[in-house]
Amino acid sequence: EIIFSNGNNDVVPDYYLQLEYEDEPLGSTTLLTLESAGMLGVIFNALSKGADSTTISKEHPDEAASTKAILTPDDQSTFLRGGYYSRDLHNGTLTVLSLNTVLYTVNFMEERKNKDDPGWQFSWMRSILSNCREKGTQVMIMGHISPTVGSFRHHQLWKDHYVQT
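Bear in mind that the values here come from a model prediction, so they are computed numbers and not experimental data.

A.B. asks: Which parts of the structure should I look at to understand the sheet that holds strand β5 (residues 138-142)?
C.D. replies: Sheet strands line up and pair through hydrogen bonds in the backbone, either parallel or antiparallel. Sheet architecture is open: three strands sit in the order β3-β4-β5, paired in mixed fashion. Lying at the two open borders of the sheet, with one neighbouring strand each, are β3 (85-89) and β5. The sheet shows a mean angle of 20° between the axes of neighbouring strands, direction not considered. One ladder, built from five bridges, connects strand β4 (residues 94-98) with β5; its direction is parallel. When the sheet's bridge partners are listed, Ser98 is paired in β5 with Met142. The strands touched by helix α3 (residues 121-135) within the sheet are β3, β4 and β5, with β4 carrying the most contacts at an inclination of about 175°.

Take a look at the structure:
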């Protein structure tokens, strides 16, 4: 299974990602739409295509390749809110959290309204981790930009207050 994680080069300009639903906390009844979610809507739309489709190669017409969408309708609420989602694997014994770590980098260009928890991602992560602890599920957390010192410029990649969180 392919698990996607937003990166700084996945948006234009680099490190820019407008959060259209930052005012809407998790559990809000506001309808999140692809059209109004900006770049996250574009990315979601591209990665949710392909579910249950089959491609037949001209070179090998007897071999059909099935494609599976990377993002599903279950991912829409969190992905459109902040570019993050989770995936249960191995019959639910492993949960992968795909974080949008671009939101925490020192190079992130957009000014966030919710500076303590952009896109409500930390609140969501705490809830998922609590549920996984109760169920005894293992968790893998992934993201594009790690909360470390970078190997190219040798400076901290995340803003200090997000590393503390």
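Here the narrative resumes.
A.B. asks: Just checking my understanding: could you explain the nonpolar core for this structure?
C.D. replies: A general trend in soluble globular proteins is that nonpolar side chains are found buried together. Phe4, Leu71, Phe79 and Trp124 are the most contacted members of the largest nonpolar core, which has 32 residues in total. Among the elements that line this core, the one with the most residues is α3, at five residues.

A.B. asks: Could you clarify how one ought to interpret the pairing of β3 in this entry?
C.D. replies: Side-chain direction in a regular strand flips from residue to residue, so the side chains alternate between the two faces of the sheet. A one-sided burial pattern is seen for β3, the buried positions being Tyr85, Arg87 and Leu89 and the unburied ones Ser86 and Asp88. Strand direction decides the pairing type here: β3 and β4, joined by five bridges, are antiparallel. Bridged to Tyr85 within β4 is Ser98. Connecting β3 to the antiparallel partner β4 that follows it, the hairpin turn spans four residues, and His90 within it adopts a positive phi of roughly 50°.

A.B. asks: Which parts of the structure should I look at to understand the pattern of salt bridges?
C.D. replies: Should their charged atoms come close, side chains of opposite charge can pair. Summed over the entire model, instances satisfying the criterion amount to two salt bridges. A salt bridge links Glu1 to Arg87, with the nearest nitrogen and oxygen atoms 2.9 Å apart. Residue Glu1 is found in the segment before α1 (39-47), and its partner Arg87 is found in strand β3; the two are separated by 86 residues along the sequence. Note on Arg87: relative accessible area 11%, which makes it buried. Here Arg87 makes a salt bridge to Asp75, at a shortest N to O gap of 2.8 Å. One end of the pair, Arg87, is in strand β3; the other, Asp75, is in the loop between β2 (64-67) and α2 (76-82), with twelve residues separating them in the sequence. Pair check on accessibility: Arg87 and Asp75 agree, each one buried. Connected via shared salt-bridge partners are Glu1, Asp75 and Arg87.

Cut-off values and rules
Residues numbered from 1 in each chain as written. Predicted model: local features only at pLDDT ≥ 70, side-chain atom pairs only at ≥ 80, totals over all residues. Heavy atoms only, no water. Pairing = 2+ DSSP bridges. Helix = DSSP H or I, 4+ residues; strand = E, 2+ residues; numbered from the N terminus. Axes fitted to C-alpha atoms, helices over the stretch in contact; angles between N-to-C directions. Contact = heavy atoms within 4.5 Å. Core = buried A, V, L, I, M, F, W, Y, C linked by side-chain atoms within 4.5 Å. Buried < 20%, exposed > 50% of the residue type's maximum accessible area, 1.4 Å probe, protein only. Salt bridge = Lys/Arg side-chain N within 4 Å of Asp/Glu carboxyl O.

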